[in-house]
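Residue strings, one per chain:
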Amino acid sequence: MKYYTVISPDGIRTPLPDSEPALVSSHNLKQVSSNKIQKAGRLLAAHLVITHPDLIRDHKHHLRLYRQCCSGKELVDALLSAGLSVQTRSQALGLCQVLMDEGVLAHVRQESYFQDRDAQFFRFVALEPRAGDNDGEELLEALALLSQLGPMALLTTILRKPPGHRTDEELALIFEELLHIKAVAHLSNSVKRELAAVLLFESHAKAGTVLFSQGDKGTSWYIIWKGSVNVVTHDKGLVSTLHEGDDFGQLALVNDAPRAATIILREDNCHFLRVDKRDFNRILKDVEANTLRLKEHGKVVLVLEKNSQGGSSSHLPGTPGSSRYTVMAGTPEKILDYLLETMRSDSTLSDPVAALCHFWVFPGSDQRCSPYPPPFGVAAKQAANNLSEFAAQDARLGPVLREQLQDHRRNRVLENGSSHTLSPKLQVRNAVDWFASQEEPFLNSSYTIRAQDRIAYDIYRPDYSCLPTVLPVNAPVQEVLASLADNPGWSKEWILVKVNSAGDKEVLPMESICVFTSLGLNERLFAVSLQELHTLAPHPEQLGPNVGSWDSLDFISSKDLSSQITEHDWNLFKSIHQVELIYSIFGPRKFPSATTANLERFLRRFNELQFWVTTELCLCPDVMRRAQLLRKFIKLAAHLKDQKNLNAFFAVMFGLGHSSVSRLSRTWEKLPHKTRKLYGSLERMLDPSWNHRVYRLAMAKLAPPIIPFMPLLLKDMTFIHEGNRTLVENLVNFEKLRMMAKAVRLVHRCRSHPHLPLSPLRSRPQHLLEEARAMRASTCKHTEDSIKRAGGQDAASYHKVTF
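If you're wondering where the values come from, they're calculated on a predicted model, not measured in any experiment. (Residues numbered from 1 in each chain as written. Predicted model: local features only at pLDDT ≥ 70, side-chain atom pairs only at ≥ 80, totals over all residues. Heavy atoms only, no water.)

A. Representation of the pairing of strand S20 (residues 466–472) in the model. Bridge count for strand S19 (residues 454–460) against S20 is seven bridges, and the pairing is antiparallel. For Arg454, the partnering residue across the bridge sits in S20 and is Pro472. Counting the residues in the hairpin turn of S19 and S20 gives five residues, including Tyr464, whose phi is positive at 75°. (Pairing = 2+ DSSP bridges. Helix = DSSP H or I, 4+ residues; strand = E, 2+ residues; numbered from the N terminus.)

This is the structure:
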């Protein structure tokens, strides 16, 4: 590894390792990408010239003649009317900016920004297609590439503008980008909106550039938008490396102190978002001025922030006019007090999901009425019931609280003999049971696993004999072992061990619950003694199949296969209760008795599909048949995407991208050119850069029903949980709960439509479906034995992936 030396202003030399070898090839990758964009620009320009012959012509403006060019407005109009997939002017603007950045499109006065105006003129640098450029499919592929790069190019252009020149629509785009940046995730939305108005764009082309040195005066706060930097100090050398989404330089501004370290670019072409010191200090002052802290006995018990947007928060009691405040933090009791006091008949709660989310995290707050003396205690209880009634009318919370409200009314009748009298002894159930015992109306009753359900456990002995037992889904390990007492050889000294195919063993604690539903694809449960533990070996079934099921797959079209997969996935997705997401993220320490069986089953389904695809391809011995199977799986991924089953789409694509498949060069070479292009276009959705921006933009355009990419949603929620403290100075961080509620609402939105995502089989009459199934069963009868030998999808999936 090469080293270079950085010399600070005071003469201290700091040796640093050069950029990693993997970064050396970044220039070559950039050159390949640039060549593709230039080719795409040539194809698009040639198409526009053919479809709009009068687009390129001489223009005269302010007594000056501009030859062979077009105005920005004319070019955007041409893109919208060319019959291509460009739908909006914003999309066309981004596409044109990409062409300008790569030199395909140029301003007549050498300006660097594209503008949608009549008085701004642009010309294509190269109109004639070169050898190897084709029309038709090449044009559609080129347009897809430009459309993918367009939003980022447009956003970069907006950030390069002076802050005072940005429109409201442009500020909204910057704000949406800030929602996905890790460095500002802990800030409130009002602060993010203020940042959107002052952020500056800064870029540096060469690795090794010193952004600032240790001891310099602090002038700006930086957020890494693209690239990475090394943090270096005089005494320790290289301290750490920061990547996309990280920030630095804030400490010097807060403390008004010199820079504590030197920042050096680690790779070429790094982009930063910068906030200058004056704007930084002003935002801090504005936040303090708009923050109201309520104290009791000298301690802060509630933090409210003035909502500049208005109309989305509650009036603050005792304040005049239309000032509206948002709860930012507080004790559980004071947050509830505030919500109860602000709940009037003419007011609305903007986010009842977030308003009640703290009951999930702070179950002790359900005794909210006990501290109040009479008669206010009765009034508070009445207000609490009014809150439940109001939430029951909300489409998001109604199904969750309706049964609880009915229980309250039933208790009134039983205790007092009248439904009009409120019992002073009314007790509210524990908050965990309050939510976990409810079921959403769209939960599929035949697929949903509930906490009280009994399921079959397959427990193995070292000789591979199976000891089946039926227990509740949340049965602890101690109960599982006790249920085996009637089997010969049983001993109180038995322990429960989880074993995978590699032979790795994990002894499960006696208090663990839901152990069977949390098993991976490649894991089995063994009941053994301590003496038998060291001789324990994986079950033969865990070794996986030896023969693939490619013969039976030949009789099923990729569209029918995708429909069957989507139908099953939709039922599994509908069975997930939204509260399971909260239980999964906060973990068993917070909710020791909660079950996430439906969520775990859905995640296991992802692994099944991924490694089923990989296994089937690797078990196919013939190159030609393997190429046909590979083509079928690529078409399967395309149909899954069209049916908005994005979870299965990612699973199939990850299976195709597995190293054991991607290295099959002879198989990939035998694919038709059209299929390889289809795979390339599908692969763009997997791009993880800028926090999976391509996927998020595609999701935002889809209408429900949708099956989202669940691992990414859980990653977002984990990031919210780990990146934001639940308690700040002993106060509940309500802004964190609000962000968590927003993520949970995504699941609700995806399932807001009751029907299956665009399955072509749903539109067929039932008798045709039955005839098709009978015909398929008859046609494939002779392959039944081979399918059983192969073990089916579950047997083929003998690996486990961890998210």
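Back to the write-up after that little detour.
B. The packing of helix H21 (residues 623–642) against helix H22 (residues 646–656), seen in detail. In contact at an axis separation of 8 Å, H21 and H22 are set at 155° when each is read in the N-to-C sense. Between H21 and H22, the angle falls in the class roughly antiparallel. The interaxial crossing formed by H21 with H22 has left-handed handedness. When H21 is examined against H22, the residues Leu630, Phe633, Ile634, Leu636, Ala637, Leu640 and Lys641 are found in contact with a partner set consisting of Ala648, Phe649, Val652, Met653 and Leu656. (Axes fitted to C-alpha atoms, helices over the stretch in contact; angles between N-to-C directions. Parallel < 35°, antiparallel > 145°, perpendicular 65-115°, else oblique. Left-handed = near helix turned anticlockwise from the far one by under 90°. Contact = heavy atoms within 4.5 Å.)

C. Structural detail: the sheet that holds strand S21 (residues 495–500). Strand order in this open sheet of five strands is S20-S19-S23-S21-S22, and the pairing throughout is mixed. Pairing within the sheet leaves two strands with one partner each, and these edge strands are S20 and strand S22 (505–507). In this sheet, neighbouring strand axes are inclined to one another by 40° on average, regardless of whether the strands run parallel or antiparallel. Summarising the sheet, S19 and strand S23 (residues 523–528) pair through two bridges and their orientation is parallel. Looking at the pairing, Tyr460 lines up with Phe526 of S23.

D. Geometry of the sheet that holds strand S10 (residues 229–233). The four strands are arranged S8-S13-S10-S11 in an open sheet whose pairing can be described as antiparallel. Unpaired on one side and paired on the other, strand S8 (210–212) and strand S11 (237–242) mark the two borders of the sheet. Each strand axis lies, on average, 30° off the axis of its neighbour in the sheet, ignoring direction. For S8 and strand S13 (residues 262–265), the ladder comprises two bridges, and the chain directions are antiparallel. Each bridged residue has a counterpart across the sheet, and for Phe212 the counterpart in S13 is Ile263.

E. Seen up close, the environment of Leu630. Here Leu630 shows up in helix H21. Residues Leu630 and Trp668, spaced 38 residues apart in sequence, show a C-alpha to C-alpha distance of 8.1 Å. Apart from residues lying up to four places away in sequence, Leu630 is in contact with Leu617, Leu656, Thr667, Trp668 and Leu671.

F. Summary view of helix H7 (residues 189–198). Judged by how many residues are buried, H7 sits mostly within the fold: seven of 10 residues are covered. Taken together, the buried positions of H7 are Ser190, Val191, Lys192, Glu194, Leu195, Ala196 and Val198. (Buried < 20%, exposed > 50% of the residue type's maximum accessible area, 1.4 Å probe, protein only.)

G. Geometry of the pairing of S11. Bridging between S10 and S11 involves five bridges; their strand directions are antiparallel. If you follow Val232 over to S11, its bridge partner there is Leu238. Taken together, S10 and the strand that follows it, S11, pair antiparallel across an intervening segment of three residues.

H. Geometry of the nonpolar core. If you look at the biggest cluster of nonpolar residues, it comprises 67 residues, and the most contacted ones within it are Phe573, Phe633, Phe649, Leu656 and Met710. Ignoring sequence-local partners within four residues, the contact set of Phe573 consists of Phe602, Ile706, Ile707, Pro708, Met710, Val747, Cys750 and Arg751. Of all hydrophobic cores here, the second largest spans 33 residues; its members include Ile37, Val86, Leu95 and Met100. (Core = buried A, V, L, I, M, F, W, Y, C linked by side-chain atoms within 4.5 Å.)

I. Region of interest: the packing of aromatic side chains. Applying the stated criterion to the full structure yields 24 aromatic pairs. Ring centres of Tyr457 and Phe516 lie 5.2 Å apart, and the angle between their planes is 45°; this geometry places the pair in the tilted category. Within this pair, whereas Tyr457 is found in strand S19, its partner Phe516 is found in the loop between S22 and S23, the two being separated by 59 residues in sequence. According to the relative accessible area criterion, Tyr457 is buried, its value standing at 0%. Look at Phe516 and you get partly exposed, because its relative accessible area is 23%. With a centroid separation of 5.9 Å and an interplanar angle of 40°, the aromatic rings of Tyr460 and Phe526 are classed as tilted. One end of the pair, Tyr460, is in strand S19; the other, Phe526, is in strand S23, with 66 residues separating them in the sequence. Tyr460 gets classed as buried once you look at its relative accessible area, which sits at 9%. An aromatic cluster is built from Phe606, Phe649, Phe650, Phe654, Tyr695 and Phe709, whose rings are joined through pairwise contacts. It is Arg193 that lies over the ring of Phe175; its NZ or CZ is 4.5 Å from the centre. (Phe/Tyr/Trp six-rings, centres within 6.5 Å; stacked < 30°, edge-to-face > 60°. Lys NZ or Arg CZ within 6 Å of the ring centre and 35° of its normal.)

J. Summary view of the pattern of salt bridges. Going through the model one piece at a time under the given rule, you end up with 22 salt bridges. The closest approach of N and O atoms between Glu74 and Arg57, which form a salt bridge, is 2.6 Å. Linking Glu74 in helix H3 (residues 72–81) with Arg57 in strand S3 (residues 57–61), this pair joins segments that are 17 residues apart in sequence. The closest approach of N and O atoms between Glu202 and Arg274, which form a salt bridge, is 2.8 Å. You can see Glu202 sitting in strand S7 (residues 200–204) and its partner Arg274 sitting in strand S14 (residues 270–276), a full 72 residues away along the chain. Judged on exposure class, the residue Glu202 and its partner Arg274 are both buried. If you follow the salt bridges from partner to partner, you end up with Lys73, Asp77, Arg89 and Asp116 in one network. (Salt bridge = Lys/Arg side-chain N within 4 Å of Asp/Glu carboxyl O.)

K. Region of interest: the confidence of the model for the protein. For the protein, the mean per-residue pLDDT works out to 76, and 73% of the residues sit at or above 70. In the predicted structure, residues 344–353 sits below a pLDDT of 50 and forms 22 contacts with residues beyond four places in sequence or in another chain. Confidence drops under pLDDT 50 across residues 394–442; counting only partners more than four residues distant or on other chains, this segment forms 94 contacts. (pLDDT = per-residue confidence, 0-100.)

L. Quick peek at the packing of helix H20 (residues 597–619) against H22. With their axes 8 Å apart at the nearest point, H20 and H22 run at an angle of 35° to one another. Both H20 and H22 take part in a crossing whose hand is right-handed. Contacts between H20 and H22 pair Phe602, Phe606, Leu609, Gln610, Val613, Thr614 and Leu617 from the former with Asn647, Ala648, Phe650, Ala651, Val652, Phe654, Gly655 and Leu656 from the latter. Class assignment of the residues belonging to the contact of H20 with H22 gives a composition of 11 nonpolar, four polar and no charged. (Nonpolar A, V, L, I, M, F, W, Y, C, P; charged D, E, K, R; others polar.)

M. Looking closely at the state of the cysteines. For the structure on display, the rule yields zero disulfides. The structure places no disulfide on Cys69, whose sulfur is separated from the nearest cysteine sulfur, that of Cys70, by 6.9 Å. In this structure Cys69 comes out as buried when scored by relative accessible area, which is 0%. When its relative accessible area of 0% is taken as the criterion, Cys70 is described as buried. (Disulfide = S-S within 2.5 Å.)

N. Seen up close, unusual backbone geometry. A cis amide bond, omega 10°, links Pro704 with the succeeding residue Pro705. Inspection of the secondary structure puts Pro705 in the loop between helix H26 (689–701) and helix H27 (710–723). Of note, the phi angle at Leu63 is positive, near 65°, even though the residue is not glycine. When you line up the elements, Leu63 lands in the loop between S3 and strand S4 (64–71). In this structure, His297 takes a positive phi of about 55° despite not being glycine. Within the secondary structure layout, His297 lies in the loop between strand S15 (291–296) and strand S16 (299–306).

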